Amino acid sequence: MIINKFKELKKNLKKDSTKFPVIKVALLGDNATQFLAIAIQGIAIERGYRIELFEADYNQVERQFLDPTSELYNFNADYIIISQSTHKLLSKYNKEVPERQIYISSERLEFIKLMCNSIQSKLIYFNYPEIEDNVFGSYANNVESSFTYQIRKLNYELMNLAQQYPNLFICDIAGLQNKFGRDKMFNSSVYVTTEMVVSIDSIPYVASRVMDIICAAQGKFKKCLILDLDNTMWGGVIGDDGLENIQIGHHLGIGKAFTELQQWAKKLKNRGVILAVCSKNNEDTAKEPFEKHPEMILKLNDISVFVANWENKADNIRHIQSVLNIGFDSMVFLDDNPFERNIVRENVPEVTVPELPEDPSEYLEYLYGLNLFETVSYSEADAERTKQYQVEAQRVTLKKSFTNEAEFLKSMNMVSEVKAFEKFNLPRISQLTQRSNQFNLRTVRYTEAEVEKISNSTNFKGFSFTLSDKFGDNGLISVVILEKQNTETLFINTWLMSCRVLKRGMENFTLNTIVKYALENGFKEIIGEYIQTPKNKMVENHYQQLGFLPLNTDGKNLYYLSINDYVSKDCYIIKNK
Amino acid sequence: MSEKEILNQVQEIFHDQLDDESIILTTDTTANDVDDWDSLTHIMLVVATEKHFKIKFTSQEILSWKNVGEMINCILEKKHS
């Protein structure tokens, strides 16, 4: 939770990380990057990854990209981190004649486009912390050739570029400087003596922001925010103080602090983070402010799982986890009470528990600084998630009233829409490959650009599946990518599904679809593979359960299905025409 | 604070930053005498020393010391001025 000092990160490199998954990272900079390299590797170990690093020699960014035989291309990185500093850009700017200074930002942007176009790896590009040279003072805002104008334009255009290039991720170092202030972020004497543009104290934070992006791209990110209520979401104790006296809104006490915290939680919910409540209260009492208090920002329909009782919070969080069916490591728990925080930390250590400051007015700025909710994708479907989880709770209730599984499934009136990969579903498909951990047979992550490539390739065939029922639409919930190995054999490169739709017969429906495609295209057999990860034990026996036979292969879990005598599997899902 | 006291404290900073308790510093010690003391760890040592003694070295000073003794003189000057 707390970001360790550089010295500690350096020590991490001596720890045994041989069992961690390896990520290949290249680091290129026009400044001294050795410390950053150490810090990134050190933080990676804390987050359960081992980084195989290629650190280019000093000031080699252009050469490595422009020379097709360079070490960078040979290294074949998963991620390329590029640190081009504001200082180096400033010294370039300083050498230009004034008429040319207005092109400084656009020239740099052209080079960044070139980098994006010349490599498949994900690029993590540092944006530019501002250096105010105050040659024009505030009037720099009026002058296109001022350095201030050029650097702000560059940071703005970088955002546009990131929308155009799916393999470009901006690491917001400028944002970090906004938070810390330049005097903490930068150390003049260290810069002059070593070419380091970030102070030693700030390097761990830069490294952490880099690893936030890498972890998110690897599928490790926060999906759920669990909230305590009394003195966390409002000031005071609802059970003691009563509805009129809790502090929320702009009239009473420090209510403003809680209003703004709720607004932040609401924005996260709108972005697709699931909100849950975990409070020591009677349920009716706890719900009263949500239903009746006019100043409450959060309403009951913002909360996917509402738990208020007198049990211990670790057990309650386990309950929330079982309803949502997501990993503990994707949950964040906010509570003002150090005792509750420690109970949760000790019993469910995977859950992130921020050490909230004592003064509620400091909650928000503290939480901003932690950057807990890094993501590498955003789609409109994210905003629907809360509703889907609430609907899931209704389904669970209905299911209990049926004794016969088939009767229940029939009563659901399920319809699935099967689609090839096409432009408008690419973002969601890519996102699912990144998000799905449990029902995911091979856990191959794809960027949008890679999904698009697959959709255009004749060697691949992709299917996306939606599922709706009488309670609502689950949206796009399953993805299959088939790879043609030869004229007879079809390999299931990817089969993943959202855990929201487990136990609905969706697997049978999907296999029927795959076999139908295989038969229509003259294939004789289908091969599936299970690659074990720490999270996908759920589908360990997936292929056997569907009637595939294990193949004798060394080390690989391959399964085989002959399709000529395939009998369609039972299912109660209707294909939408 | 005496030269000896400062030397002891600087030695502790070296132990802590370089993670090596066996380092023994004298005023004659140079970077060549200490395994991990290179141009990069030098900057870690400088920043940690600044923090410890609540002083600030100039860039000229950082580059000018030829041995630990000169560094300690520099600290002494700043603490006594």
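Our subject is the structure that appears above.
Along every chain, residues carry numbers that run from 1 in the direction the sequence is written. By the order in which they are written, chains take letters starting at A while ligands take numbers starting at 1. Thresholds applied to this predicted model are a pLDDT of at least 70 for local features of residues and 80 or more for the giving and counting of side-chain atom pairs; totals over whole chains, interfaces and linings are not thresholded and use all residues. Remark: hydrogens and water are excluded; side-chain values derive from all non-hydrogen atoms of the structure.

Draft legend 1. Fine view of the sheet that holds strand S7 (residues 274–280) of chain A. Residue and element names in this part refer to chain A. At least two DSSP bridges between two strands are needed for those strands to be called paired. Under the scheme used here, helices are H or I runs from DSSP no shorter than 4 residues and strands are E runs no shorter than 2 residues, and both carry numbers assigned from the N terminus. Read across the open sheet, the four strands follow the order S8-S7-S6-S9; overall the sheet is parallel. The two strands at the open ends of the sheet, each matched to only one other strand, are strand S8 (303–309) and strand S9 (331–334). The sheet shows a mean angle of 15° between the axes of neighbouring strands, taken without regard to direction. Here strand S6 (residues 224–227) pairs with S7 via four bridges, running parallel. As a rule, the C-alpha atoms of each element are fitted with a line to give its axis, helices using only the stretch in contact, and angles between N-to-C directions run from 0 to 180 degrees.

Draft legend 2. Region of the structure containing the interface of chain B and chain A. Whether two residues are in contact is decided by their heavy atoms: any pair within 4.5 Å suffices. The interface is formed by 14 residues belonging to chain B together with 16 residues belonging to chain A. In total, about 1400 Å² of surface goes out of reach between chain B and chain A, with carbon and sulfur atoms giving 65% of it. Simply put, the buried area is the total loss of 1.4 Å probe accessible area from both parts when two parts are fitted together. When the area that chain B buries against chain A is broken down by residue, the three leading residues are Leu40(B), Ile43(B) and Met44(B), summing to 38%. Each salt bridge in this description consists of a side-chain nitrogen of Lys or Arg and a carboxyl oxygen of Asp or Glu lying within 4 Å of one another. Seen at the junction of chain B and chain A, the total is three salt bridges. Of the charged contacts in the structure, one is a salt bridge between Lys7(A) and Asp16(B), with a shortest N-O distance of 2.7 Å.

Draft legend 3. Representation of the packing of helix H1 (residues 3–18) of chain B against helix H2 (residues 39–53) of chain B. Residue and element names in this part refer to chain B. At a closest axis distance of 10 Å, the pairing of H1 and H2 adopts a crossing angle of 130°. Classified by the angle between their axes, H1 and H2 sit oblique to one another. Here H1 and H2 pass one another in a crossing that is right-handed. Within the contact between the two elements, H1 uses Ile6, Gln9, Val10, Ile13, Phe14, Gln17 and Leu18 and H2 uses Thr41, Met44, Leu45, Ala48, Thr49, His52 and Phe53. Class assignment for the residues of the contact of H1 with H2 results in nine nonpolar, five polar and no charged. We call two directions roughly parallel when the angle between them is under 35 degrees, roughly antiparallel when it is over 145, roughly perpendicular when it lies between 65 and 115, and oblique otherwise. Each helix crossing is assigned a hand: it is left-handed if the near helix lies turned anticlockwise from the far helix by less than a right angle, otherwise right-handed if that turn is clockwise. Three residue categories are used. Nonpolar comprises Ala, Val, Leu, Ile, Met, Phe, Trp, Tyr, Cys and Pro, charged comprises Asp, Glu, Lys and Arg, and polar comprises the others, including Gly.

Draft legend 4. How the structure looks around the packing of helix H2 (residues 34–46) of chain A against helix H11 (residues 203–217) of chain A. Residues and elements named next belong to chain A. Orientation of H2 relative to H11, taken along the N-to-C sense of each, is 55°, at an axis distance of 8 Å. Classified by the interaxial angle, the pair formed by H2 and H11 is oblique. Note on packing geometry: the crossing formed by H2 with H11 is right-handed. Between H2 and H11, the contacting residues are Phe35, Leu36, Ala39, Ile40, Ile43 and Ala44 on the first element and Ile203, Pro204, Val206, Ala207, Ser208, Val210 and Met211 on the second. For the contact of H2 with H11, the residue count by class is 12 nonpolar, one polar and no charged.

Draft legend 5. Structural context of the side chain of Asn512(A). Residues and elements named next belong to chain A. Mapped onto the fold, Asn512 is located in helix H22 (residues 506–520). Three exposure classes are used, based on accessible area relative to the maximum for each residue type with a 1.4 Å probe and protein chains only: buried under 20%, partly exposed in between, and exposed over 50%. When its relative accessible area of 15% is taken as the criterion, Asn512 is described as buried. Reaching out from Asn512, the side chain makes a polar contact with the backbone nitrogen of Lys569 at a distance of 2.9 Å. Those residues within four positions of Asn512 in sequence are excluded, and the remaining contacts are Tyr566, Ser568, Lys569 and Cys571. In protein, a polar contact means a hydrogen-donor-capable atom and an acceptor-capable atom, both N or O and within 3.5 Å, with residues adjacent in sequence counting only if both atoms are side-chain atoms; elsewhere, any N or O pair within 3.5 Å suffices.

Draft legend 6. Representation of empty space enclosed by the protein within the structure. Residues and elements named next belong to chain A. In this analysis the probe radius is 1.4 Å and the grid spacing 1 Å, with only protein atoms considered; a cavity is a set of points the probe fits into but cannot get out of, a pocket is an open set with protein on both sides within 12 Å along at least five of seven lines, and lining residues have an atom within 4 Å of a point. Grid points are joined across faces, edges and corners, and a volume is the space filled by probe spheres set on the points. With the rule as written, the count across this model stands at two cavities of 30 Å³ or more. Its boundaries defined by the atoms lining it, the largest cavity holds a volume of some 270 Å³. Together, 22 residues line the largest cavity, and Asn31, Ser83, Ser85, Val197 and Val198 are the ones closest to its centre. Those elements that provide at least two residues to the lining of the largest cavity are helix H5 (86–95), helix H8 (173–180), helix H9 (182–185) and H11. Classifying every residue of the lining of the largest cavity by side-chain character gives 12 nonpolar, nine polar and one charged.

Draft legend 7. Quick peek at unusual backbone geometry. Residue and element names in this part refer to chain A. Unlike most non-glycine residues, Asn76 shows phi in positive territory, near 60°. Take Asn76: it is sitting in the loop between helix H4 (71–75) and strand S3 (79–83). Given the relative accessible area of 55%, Asn76 is considered exposed. For Asn231, which is not glycine, the phi torsion reads 65° and is therefore positive. Inspection of the secondary structure puts Asn231 in the loop between S6 and helix H12 (238–241). Looking at Asn231, the relative accessible area reads 28%, which means it is partly exposed.

Draft legend 8. Structural detail: the pairing of strand S12 (residues 460–469) of chain A. Residue and element names in this part refer to chain A. Bridge count for strand S11 (residues 418–420) against S12 is three bridges, and the pairing is antiparallel. Considered in S12, the bridge of Val418 is made with Phe465. In the sheet, S12 pairs with strand S13 (residues 472–484) via nine bridges, with the strands oriented antiparallel. Bridge pairing in S13 links Phe463 to Val480. As consecutive antiparallel partners, S12 and S13 are separated by two residues.

Draft legend 9. View of the side chain of Lys7(A). Secondary-structure assignment places Lys7(A) in helix H1 (residues 6–12). According to the relative accessible area criterion, Lys7(A) is buried, its value standing at 16%. Side chain to side chain, Lys7(A) and Asp16(B) meet in a polar contact 2.7 Å long. In contact with Lys7(A), other than residues within four places in its own chain, are Asp16(B) and Gln17(B).

Draft legend 10. Main features of the nonpolar core. Counting residues in hydrophobic clusters, the biggest one holds 69 residues, and the most contacted among them are Phe35(A), Met196(A) and Met211(A). The greatest single-element share of this core, amounting to 10 residues, is contributed by H11(A). If we skip the residues at most four places from it in the chain, Met196(A) touches Ala32(A), Phe35(A), Val190(A), Tyr191(A), Ile203(A), Leu40(B) and Ile43(B). Put simply, buried Ala, Val, Leu, Ile, Met, Phe, Trp, Tyr and Cys residues joined by side-chain atoms within 4.5 Å make one nonpolar core. Val480(A), Leu482(A), Ile514(A) and Tyr543(A) belong to the second largest nonpolar core, which has 38 residues in total.

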